Amino acid sequence: LFSSTSCDGCAAMHDKVLAVATPEVVAVDVSFQADRAIHDRYEISGVPMVLIADGEGVVHRAFLGAVSATDLWAAVAAARDPSLNITHGLDALT
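Computed from a predicted structure; not experimentally measured.

Participant: Could you give an account of unusual backbone geometry, naming the residues involved and the relevant values?
Facilitator: Put simply, valine 47 and proline 48 share a cis peptide bond, and its omega is 0°. With respect to the helices and strands, proline 48 occurs in the loop between helix 2 (36-41) and strand 3 (49-53). Located in the positive-phi region is glutamate 43, a residue other than glycine, with phi close to 55°. Within the secondary structure, glutamate 43 is located in the loop between helix 2 and strand 3. Under the relative-accessibility criterion, glutamate 43 is labelled exposed at 68%.

Written out as structure tokens, the structure reads:
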């Protein structure tokens with residue numbers, strides 16, 4: 001989770017993002033004020049921003065703004081096993 005101390009919506013995303021953590025899945029909340037360099041590395045232009053990335057830092061999915069726990073879990077599952085062919089959010093409606 002990319003966040004900011006001045007972001008009202010970031011606090012609501014904090015618990016959702018940390019809930020996906022497992023021994024194989026790392027979930028962190030990176031405040032702009034605490035680590036601007038990583039915000040710059042991933043070109044974060046708005047918060048809250050959730051990136052689903054692999055161990056090499058390759059981003060598989062990104063969400064800007066509020067995201068449901070269901071979509072977070074599906075994105076993590078799809079990143080861990082691309083053969084699942086899981087659709088996300090509005091993509092499922094088309």
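Participant: So what's going on with the state of the cysteines? Residues and values would help.
Facilitator: Applying the stated criterion to the full structure yields one disulfide. One disulfide in the model links cysteine 7 with cysteine 10; its S-S distance is 2.2 Å. Because the sign of the S-S torsion sets the handedness, a value of about 95° for the bond joining cysteine 7 and cysteine 10 places this disulfide among the right-handed ones. We note that cysteine 7, like cysteine 10, is buried.

Participant: With reference to specific residues and values, describe the packing of aromatic side chains.
Facilitator: Applying the stated criterion across every chain, the model contains one aromatic pair. Geometrically, the ring pair formed by phenylalanine 2 and tyrosine 42 is tilted, given 6.0 Å between the ring centres and 55° between the ring planes. Of this pair, phenylalanine 2 sits in strand 1 (residues 2-3) while tyrosine 42 sits in the loop between helix 2 and strand 3, and the two are 40 residues apart along the sequence.

Participant: Provide a residue-level description of the confidence of the model for the protein, including the pertinent values.
Facilitator: Confidence along the protein averages 85 in pLDDT terms, with 87% of residues attaining 70 or more. Confidence scores differ between elements of the protein, with helix 3 (residues 69-80) showing the lowest mean pLDDT of 88 and strand 1 the highest of 94.

Participant: If you had to explain the environment of threonine 5 to someone new, which residues and values would you point to?
Facilitator: Tracing the chain through its elements places threonine 5 in the loop between strand 1 and helix 1 (8-18). Of the residues examined, threonine 5 reaches a relative accessible area of 65% and is grouped as exposed. Separated by 27 residues in sequence, threonine 5 and phenylalanine 32 place their C-alpha atoms 7.6 Å apart. Once residues lying within four places of it in the same chain are set aside, the contact partners of threonine 5 are Ser31 and Gln33.

What counts and what doesn't
Residues numbered from 1 in each chain as written. Predicted model: local features only at pLDDT ≥ 70, side-chain atom pairs only at ≥ 80, totals over all residues. Heavy atoms only, no water. Helix = DSSP H or I, 4+ residues; strand = E, 2+ residues; numbered from the N terminus. Buried < 20%, exposed > 50% of the residue type's maximum accessible area, 1.4 Å probe, protein only. Disulfide = S-S within 2.5 Å. Phe/Tyr/Trp six-rings, centres within 6.5 Å; stacked < 30°, edge-to-face > 60°. pLDDT = per-residue confidence, 0-100. Contact = heavy atoms within 4.5 Å.

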